[in-house]
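# Examination of the molecular architecture
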Amino acid sequence: MCGIVGYLGSRQASPILLDGLSKLEYRGYDSAGVCVMSDGVLKVAKAKGRLANLFGMIDGGKAITGTYGIGHTRWATHGAPSDINSHPHIADAGRIAVVHNGIIENYIKLKEELILKGKHFHSETDTEVVANLIEYYYDRFQDFPRAVRRAVAQLEGSYALGILCQDLPGTMIAVKKESPLIFGFGEGENFIASDVPAILKYTRKVVYLNDGDTVIFTKDSVRFYDAFNDPVERVPEMIDWDISAAEKCGYDHFMIKEIHEQPKAVKGTISPRIRDGRVVLDDVNLTREYLENLKKIYIVACGSSYYVGCLGKYILEKACRIPVEPILASEFRYAEPVMGKDTLVLIISQSGETADTKAALEEAKRHGARTLAIVNVVGSAIAKEADDVIYTWAGPEIAVATTKAFSTQLSVIYLITLHIAEMIGTIKEEEYQAIICELLKLDQKISLCLTPEITAKIRYYAEQYFKVHDAFFIGRNVDCGICMEGSLKLKEIAYIHSEAYAAGELKHGPISLIEEGTLVVAVATVDSLFEKTMSNVKEVRARGAEVLGITTENFETEIKKTIPSVVSVPKTHPMLQPSLTIVPLQLFAYHVSLLRDCDVDKPRNLAKSVTVE
Ligand code: M6R
């Protein structure tokens, strides 16, 4: 949440900062701002709302001269979205400017102390406290790095900070603790950013900073210090993906681009990990002995990643015969779950920086459980902290509503399932081979869910139903997990009240909400449960619901006897079917969102990575 960027070089800084912010807007879009050292003073421009407002205000950056500065895009935590609460924040005497991603937990106490020392505050933010604290120490020591060190030592919470001092031209300091921050090396210029896309146009050579790191840099030099303030070497990595991965490339929105990238992404996750017809997980160290003694698997995550966990329960338990419990990270961390050495905790996170998920990981480690993270963002905190990590390799996902990250997380669940089941001997060779064969074709079958015919059909149904006030998604077994994700997509980007239920649960309460015209999306792909779900469909139709059915091709004729509105997807092995079933639901949410004139990629009140509790 919140994106920060910093540039220090010889070019005009503001357009570079705005360009970087445009790649970080997914992290928050309540306001945006830049601060550039211009003619010897820290010049600030900031505006509530989308980056476009700031862009217009400073003529795309041309209006502010100066060759170094910091920028910020905000997801409001302390204080409403407003011009005054926008970053960068300038300290009382105007000597220090700060951009911040994270939360300062002890800011009230620090603020009170600073007020007693004569500092004045203008915003409601925790960040303004950081700026004033640094300035307070700067006033005492007249030493910018020392002032930063002293101030940071007093901060409790999480922070990635970009800091400028008016009295020390040509120098920037950045600090990282529990919020992501990278340093980018250029030729005669250097960068900081919350994420790679912000600076990828200018450099591929980056360092993922460690917690506690401080960087002091000019355009030609850089010094890294660790948490103990000792000078350290940080070895740069070369980014090997292209900037086009983080651009729309002709699509109207990132979400639809990312939906269409799913075949490629899923293939990229699966095929390097299948060799000679067997799953090979080089990345993990789960020995046969450990797996044979495994008593329980928790799958811990938030949002869509949690729904992957709900699907994982059905998939892993069926194949591996080990109890699996999906649990929301925000609950797990405080629930005192029973776990120890014989517990495997799967942590799923696209961003690798979700606050609750990270805390849950730490809790699991504290109890001696083995942790295996499924993460998309390379070098992220969760990836670094888990005992093992399997990267989903989905490439950057920009739309707030996840699609390709969800699909690749699910693909990793299949791989882990086959790996464990084979190791402990709970799967027959014939079944194993049947799944591998379908896994290798999964990308092609996902492509068949994205044909112009299917898209047109879904668009048609979106036009029929986009005005509904309420929607219910019902299904059984893995279809229930897919309903949860489909329902979240719809509420998240189309602002329609939507709930997902196990189809058999309807008559235990929720059916009282069904009335004339209520939309029910019924997902029925599990062979053995098809008729059961159809009974539930008949029950809601009898009470006036409009039903949209999602099924597999083999059931199309059958389902149409009950429901006229149907989308069918190709059939695959039952374990892998959710990867196909989800696609029409993603497309449905996308088209409904467009028809309701919502901001598809940046839905209200949300941000891509949720680094607050
Ligand atoms: O980065 P994470 O996977 O940890 O994020 C978890 C959720 O915040 C995320 O899946 C969220 O629910 C998505 N926006 C849903 O589309």
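For the structure given in this document, a descriptive report is provided here.

Reading the values: the criteria
- Residues numbered from 1 in each chain as written.
- Predicted model: local features only at pLDDT ≥ 70, side-chain atom pairs only at ≥ 80, totals over all residues.
- Heavy atoms only, no water.
- Helix = DSSP H or I, 4+ residues; strand = E, 2+ residues; numbered from the N terminus.
- Patch = residues over 30% accessible without salt bridge, like charges linked within 9 Å, V, L, I, M, F, W, Y side chains within 5 Å.
- Areas by Shrake-Rupley, 256 points an atom, 1.4 Å probe, with all protein chains shown as cover.
- Salt bridge = Lys/Arg side-chain N within 4 Å of Asp/Glu carboxyl O.
- Lys, Arg positive; Asp, Glu negative; His and termini not counted.
- Charge placed at Lys NZ, Arg CZ, Asp CG, Glu CD.
- Buried < 20%, exposed > 50% of the residue type's maximum accessible area, 1.4 Å probe, protein only.
- Pairing = 2+ DSSP bridges.
- Axes fitted to C-alpha atoms, helices over the stretch in contact; angles between N-to-C directions.
- Contact = heavy atoms within 4.5 Å.
- Near = heavy atom within 4 Å.
- Polar contact = N/O pair within 3.5 Å; in protein donor to acceptor, adjacent residues only side chain to side chain.
- 1 Å grid on protein atoms, 1.4 Å probe; cavity = no way out; pocket = protein on both sides within 12 Å on 5 of 7 lines; lining within 4 Å.
- Sits in = over half its atoms within 2 Å of the grid points.
- Nonpolar A, V, L, I, M, F, W, Y, C, P; charged D, E, K, R; others polar.
- Domains from an automatic or database assignment.

### Focus on unusual backbone geometry
The omega torsion across His-87 and Pro-88 is -5°, close enough to zero to call that bond cis. Within the secondary structure, Pro-88 is located in the loop between strand S4 (68-74) and strand S5 (89-90). Phi angles above zero are rare outside glycine, and Asp-39 is one such case at about 50°. Mapped onto the fold, Asp-39 is located in the loop between strand S2 (31-38) and strand S3 (41-48). The phi dihedral of Asn-605 is positive, around 65°, even though this residue is not glycine. Locating Asn-605 in the fold gives a position in the segment after helix H20 (578-595).

### Details of a positive patch on the surface
Side chains of Lys-117, Arg-140, Arg-146, Arg-149 and Arg-150 sit close together on the surface and give a patch of like positive charge. The greatest single-element share of the positive patch, amounting to three residues, is contributed by helix H5 (residues 144-152). Secondary-structure assignment places Arg-149 in helix H5. Of the residues examined, Arg-149 reaches a relative accessible area of 35% and is grouped as partly exposed.

### Some words on the environment of Ile-348
Checked against the element boundaries, Ile-348 lands in strand S20 (residues 343-349). Residues Ile-348 and Val-308, spaced 40 residues apart in sequence, show a C-alpha to C-alpha distance of 8.1 Å.

### Quick look at the sheet that holds strand S18 (residues 296-301)
With respect to topology, five strands assemble into an open sheet ordered S19-S18-S20-S21-S22, the strand pairing being parallel. Each edge of the sheet is formed by a strand with only one pairing partner; in this case those strands are strand S19 (324-328) and strand S22 (388-391). Taken over all neighbouring pairs, the strand axes of this sheet differ in orientation by 20° on average, direction set aside. Of the pairings in the sheet, the one linking S18 to S19 comprises five bridges and is parallel in character. Paired with Val-300 across the bridge in S19 is Ile-327. Sheet contacts for helix H11 (residues 355-366): S18, S20 and strand S21 (370-375); angle to S20, the most-contacted strand, approximately 165°. Helix H13 (residues 404-424) rests against S18, S20, S21 and S22 of the sheet, and its axis sits at about 160° to S20.

### A word on the site of the ligand
Around the ligand, the surrounding shell holds 14 residues, and the nearest of these are Ser-305, Ser-349, Gln-350, Thr-354 and Glu-492. Within the side chain of Thr-354, a nitrogen or oxygen atom sits 2.4 Å from an oxygen atom of the ligand. With respect to the ligand, the backbone of Val-400 contributes an N or O atom lying 2.9 Å from a nitrogen atom. A total of 410 Å² of accessible area belongs to the ligand in isolation, and the protein chains cover 90% of it. At a threshold of 2 Å from the grid points, most atoms of the ligand map onto the second largest pocket. Elements that contribute at least two residues to the shell around the ligand include exactly helix H9 (303-320) and helix H17 (478-494). In terms of residue class, the shell around the ligand is built from four nonpolar, eight polar and two charged. Both of domain 2 (249-446) and domain 3 (449-598) provide at least three residues apiece to the shell around the ligand.

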